[in-house]
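Tertiary structure, described
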Amino acid sequence: MFFEIFEKLLNFIFPRRCLKCGKSLFEDGYLCDKCVEEINFITPPYCYKCGHPINELTADGKMLCASCAGKKRHFFRMMRSAFVYDNSNKNLILGFKFFDKTENATLLAAMLKIAGKDIFSQGADIIVPVPLHYSRLIKRKYNQSVILADKLSKMVGIPVDRFSLIRHKKTRPQVEFSGRQRVNNVKNAFSVKNPENIKGKRIILIDDVLTTGSTIKECASVLKKAGAKSIDVLTVARTAD
Ligand SMILES: [Zn+2]
Ligand SMILES: [Zn+2]
């Protein structure tokens, strides 16, 4: 009862607004109906391995995209994203990343929980957020991937390890590069500080947006070298290719 009054009062002082367009919301939630509709959620059918949307199943009934079907080795066990990154949802992610809109985190973490259901059903031991270099962390005040990882951890009951994987090399933002340059930019940028915490673990790597995957791949590679049993990748969004 008291809580209800308190909540009503809060809503009166800070009316609930859609996190994407700012329109007042008259019901509980984070987004207005129009904004939900605009988001290009990745729904089945998608590749069981890399999570890429696919049009139809292969002839043998396997849920694999052409690229995964032709590949024997992957650096990850499974990869999933909640939606395709585009102009309709850019501000949700960028606001969270650069403009202190950390209230977006609960919504985005809830999306991660849904998108990662295949991963959770396979089982995982720890969640590892993609780290920032400390100089960038000081500038931005927080690491968006850590906030997402913490929120998700509470929702799914898998602990977060935010100290074992570190970014020891200061790199230029990946958006400044393309293709091969991105690979080189993050080469040898990460290391594992406490390999004993990583050894034998099934790890879920968390990031906000997956673009070419160079950063994630580099992280996965050092975690594997440190003895990780498997790597799953879970991101809020991925760019269409
Ligand atoms: Zn809206
Ligand atoms: Zn695939």
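Residues numbered from 1 in each chain as written. Chains lettered and ligands numbered in written order. Predicted model: local features only at pLDDT ≥ 70, side-chain atom pairs only at ≥ 80, totals over all residues. Heavy atoms only, no water.

Quick look at the overall build of the chain now. From N to C terminus, the chain includes eleven helices and six strands. Against the 2.2 N^0.38 benchmark of 18 Å for 241 residues, the chain shows a C-alpha radius of gyration of 19 Å, consistent with a compact globule. Taken over the C-alpha atoms alone, the chain extends approximately 55 × 45 × 35 Å along its principal axes. The buried share among the 241 residues of the chain stands at 44%. Across the chain, contacts joining residues at least 24 apart in sequence account for 72% of those joining residues at least 6 apart. (Helix = DSSP H or I, 4+ residues; strand = E, 2+ residues; numbered from the N terminus. Rg over C-alpha atoms; globule rule 2.2 N^0.38 Å. Buried < 20%, exposed > 50% of the residue type's maximum accessible area, 1.4 Å probe, protein only. Contact = heavy atoms within 4.5 Å.)

Scanning the entire structure with this criterion turns up eight salt bridges. R202 is paired through a salt bridge with D125; the nearest N and O atoms lie 3.0 Å apart. Taken together, the residues R202 in strand β5 (residues 202-210) and D125 in the loop between α6 (117-122) and β2 (126-129) connect sequence positions 77 residues apart. Three or more residues joined by partner-sharing salt bridges are found here, namely K20, K34 and E38. (Salt bridge = Lys/Arg side-chain N within 4 Å of Asp/Glu carboxyl O.)

Confidence along the chain averages 87 in pLDDT terms, with 91% of residues attaining 70 or more. Across the chain, the element-wise mean pLDDT spans from 57 in helix α1 (residues 2-13) up to 98 in β2. (pLDDT = per-residue confidence, 0-100.)

What follows covers the domain arrangement of the chain. Split into domains, the chain comes out as domain 1 (1-38) and domain 2 (41-239). Placing the centre of domain 1 and that of domain 2 at their C-alpha centroids yields a distance of 29 Å. Contacts between domain 1 and domain 2 engage six residues on the former and eleven residues on the latter. Taking both partners together, domain 1 and domain 2 bury about 730 Å²; carbon and sulfur atoms supply 63% of that area. Sorting the residues of domain 1 by area buried against domain 2 places L19, K20 and Y30 first, and these three jointly supply 70% of that buried surface. Taken together, the connections running from domain 1 to domain 2 amount to zero salt bridges. The interface formed by domain 1 and domain 2 holds three residue pairs in polar contact (both at pLDDT 80 or more) in total. Counted by class, the side of domain 1 that touches domain 2 contains four nonpolar, no polar and two charged residues. (Domains from an automatic or database assignment. Buried area = accessible area lost by both parts, 1.4 Å probe. Polar contact = N/O pair within 3.5 Å; in protein donor to acceptor, adjacent residues only side chain to side chain. Nonpolar A, V, L, I, M, F, W, Y, C, P; charged D, E, K, R; others polar.)

So, about helix α8 (residues 144-156). Over its 13 residues, α8 extends 18 Å from the first C-alpha to the last, a length consistent with the 18 Å expected when each residue adds 1.5 Å. For α8, the full list of buried residues reads Q144, S145, V146, I147, L148, A149, L152 and S153. The N-capping residue of α8, defined by a side-chain oxygen 2.9 Å from the backbone nitrogen of S145, is N143. Of the residues one or two after α8, G157 is the one with positive phi, at around 70°. (Expected span 1.5 Å × (residues − 1).)

This part is about the coordination of the zinc ion (ligand 1). At the metal site, the zinc ion (ligand 1) is ligated by C18 (SG), C21 (SG), C32 (SG) and C35 (SG), and these contacts range over 2.3 to 2.4 Å. The coordination sphere of the zinc ion (ligand 1) comprises four donor atoms, whose angles at the metal cover 103 to 117°; the geometry is tetrahedral. Sequence spacing among the residues donating to the zinc ion (ligand 1) works out to C-x2-C-x10-C-x2-C. In this structure C21 comes out as partly exposed when scored by relative accessible area, which is 44%. (Donors = N, O, S within 2.8 Å, 3.2 Å for Na, K, Ca; no water. Tetrahedral: all angles 85-135°; square planar, octahedral: opposite > 155°, others 65-115°.)

Under the counting rule described, the total for this entry stands at two aromatic pairs. With 6.0 Å between their ring centres and 90° between their planes, F41 and F83 make a pair best called edge-to-face. Here F41, found in the loop between α2 (33-38) and α3 (66-69), pairs with F83, found in strand β1 (residues 78-85); they are 42 residues apart in sequence, far enough to count as distant. Residue class for F41 comes out partly exposed when judged on its relative accessible area of 33%. Between F75 and F76 the ring centres are 5.0 Å apart and the planes differ by 85°, which places this aromatic pair in the edge-to-face class. By relative accessible area, which is 8% here, F76 ends up buried. For the cation-ring pair, R80 lies above Y48, with the distance from its terminal atom to the ring centre recorded as 5.3 Å. (Phe/Tyr/Trp six-rings, centres within 6.5 Å; stacked < 30°, edge-to-face > 60°. Lys NZ or Arg CZ within 6 Å of the ring centre and 35° of its normal.)

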